[in-house]
Amino acid sequence: MKPDKQNETGADEIEIIHRINRLKEKVSAPAVQNKNGCVNPRHITEAQSVIDATQDDCTQALSHAIENLETMWKKTSEHNEENRQSTLHEIHRHANFIKDIASTYHHELMSYFGQSLRDLTDRIDIANTAHRTIVKAHIDVMNIALQNSVKTDKGDLAKELKQMLEKAIHRHFPACAAENG
């Protein structure tokens with residue numbers, strides 16, 4: 001955009017040039033042809049049936065991911081800075097996986113715990129014993145939720161697990177607790 005000419009007040013007028021967004025055209029083109037939107041409803045139904053059929057695999061994948069978190073947590077006591085950063089990265093990766101798969105299969109509580117741990121990995125110092133305690137608290141509540149098949153965050157056990165985790169965060173990482181309210 002550059003000044004083109006001056007208007008009556010003496011201020012420069014600006015010419016706006018609208019670029020053609022070819023990617024947007026490609027993505028939105030099916031919407032014009034299909035009144036139901038860009039995604040074929042049959043594909044949505046098929047995708048949901050795959051998710052429904054693999055529900056048992058979800059529980060197994062969550063269990064495996066939590067086991068991997070426990071393995072990583074045990075490694076957090078290593079004093080080598082390079083090992084600690086690598087371990088923290090792995091904890092972040094597994095927590096994010098737990099959040100994603102739990103969300104896909106409507107395990108709201110597990111998704112909450114996974115996201116909480118993932119977000120904390122950006123702020124914790126793995127050499128700090130109190131911070132490692134927070135990681136362990138996340139693993140513990142995840143195990144309890146999985147063993148008791150607690151999916152939503154509405155029941156008494158779910159509320160109790162969330163409160164336990166919040167207390168651990170307030171106690172061992174007050175700066176983070178203050179940020180999150």
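Please refer to the structure higher up on the page.
The sections below set out a description of the structure shown in this document.

Criteria and thresholds
- Each residue is numbered by its place in its chain's sequence as written, counting from 1.
- Owing to the predicted nature of the model, reporting of local features is limited to residues with pLDDT of at least 70; listing and counting of side-chain atom pairs is limited to 80 or more, with chain, interface and lining totals taken over all residues.
- With hydrogens and water excluded, all non-hydrogen atoms of the structure serve as input to the side-chain values.
- Going along the chain from the N terminus, every DSSP run of H or I of four or more residues is numbered as a helix, and every run of E of two or more is numbered as a strand.
- Each residue gets one of three labels from its accessible area relative to the maximum for its type: buried under 20%, exposed over 50%, partly exposed in between, using a 1.4 Å probe on protein chains only.
- Residues count as neighbours in contact if any of their non-hydrogen atoms are within 4.5 Å of one another.
- To be clear on the numbers: accessible area is Shrake-Rupley with a 1.4 Å probe, and residue cover counts the displayed protein chains and nothing else.
- Two aromatic rings from Phe, Tyr or Trp, using only the six-membered ring of Trp, form a pair when their centres are within 6.5 Å; if the ring planes differ by under 30 degrees the pair is stacked, by over 60 it is edge-to-face, and anything between is tilted.
- The criterion is simple. A nonpolar core is a set of buried Ala, Val, Leu, Ile, Met, Phe, Trp, Tyr and Cys residues joined through side-chain atoms within 4.5 Å.
- Throughout, an axis means a line fitted to C-alpha atoms (over the contacting stretch in the case of helices), and angles, computed between N-to-C directions, take values from 0 to 180 degrees.
- In what follows, roughly perpendicular refers to angles from 65 to 115 degrees, roughly parallel to angles under 35, roughly antiparallel to angles over 145, and oblique to any angle outside these ranges.
- Throughout this entry, Asp, Glu, Lys and Arg are counted as charged residues, while Ala, Val, Leu, Ile, Met, Phe, Trp, Tyr, Cys and Pro are counted as nonpolar. The remaining residues, Gly among them, count as polar.
- When a carboxyl oxygen of Asp or Glu lies within 4 Å of a side-chain nitrogen of Lys or Arg, that pair is called a salt bridge.

A few points about the overall build of the chain
Move 1: Within the chain, the regular secondary structure consists of 8 helices and 2 strands.
Move 2: Taken from N to C terminus, the helices and strands of the chain fall in the order β-β-α-α-α-α-α-α-α-α.
Move 3: Looking at the chain residue by residue over its 181 residues, the buried ones come to 30%.
Move 4: For the chain, long-range pairs separated by at least 24 residues make up 61% of all intrachain contacts whose partners lie at least 6 apart in sequence.
Move 5: As displayed, the chain offers around 12,100 Å² of accessible surface, 50% of which is attributable to carbon and sulfur atoms.

Looking at the packing of aromatic side chains
Move 1: Inspection of every chain in the model, using the stated rule, returns 1 aromatic pair.
Move 2: Arranged with centres 5.8 Å apart and planes meeting at 65°, the rings of Tyr-112 and Phe-113 form a pair that is edge-to-face.

What to know about the nonpolar core
Move 1: Counting residues in hydrophobic clusters, the biggest one holds 35 residues, and the most contacted among them are Leu-62, Ile-98, Met-110, Phe-113 and Met-142.
Move 2: Secondary structure elements with two or more residues in this core: helix H3 (55-75), helix H4 (81-104), helix H5 (108-120), helix H6 (129-147) and helix H7 (156-172).
Move 3: The biggest single contributor to this core is H6, with 8 residues.
Move 4: Dropping the residues within four chain positions of it, Met-142 is found in contact with Ile-66, Leu-69, Ile-98, Met-110, Phe-113, Gly-114 and Leu-117.

Focus on the packing of H5 against H7
Move 1: Following both chains from N to C, one finds H5 and H7 inclined at 10°, their axes separated by 11 Å at the closest point. It follows from the interaxial angle that H5 and H7 lie roughly parallel. Each of Leu-109, Tyr-112, Phe-113, Ser-116 and Leu-120 in H5 lies in contact with H7, whose residues at this interface are Ala-158, Leu-161, Lys-162, Leu-165, Glu-166 and Ile-169.
Move 2: Across the contact of H5 with H7, the residue classes tally to 8 nonpolar, 1 polar and 2 charged.

Things to note about the pattern of salt bridges
Move 1: Tallied over the entire structure, the rule returns 8 salt bridges.
Move 2: A salt bridge links Asp-100 to Lys-99; the shortest N-O distance between them is 2.6 Å.
Move 3: A residue is classified by how much of its surface remains accessible, and Asp-100, at 35% relative accessible area, is partly exposed.
Move 4: Via salt bridges that share partners, Glu-70, Lys-136 and Asp-140 belong to a single interconnected network.

Quick word on unusual backbone geometry
Move 1: The residue His-106 is not glycine, and still its phi comes out positive at about 60°.
Move 2: With respect to the element layout, His-106 can be found in the loop between H4 and H5.
Move 3: Its identity as a non-glycine residue notwithstanding, Ser-149 has a phi of 50°, on the positive side.
Move 4: Mapping Ser-149 onto the fold places it in the loop between H6 and H7.

Coordinates in, geometry out; function isn't part of it.
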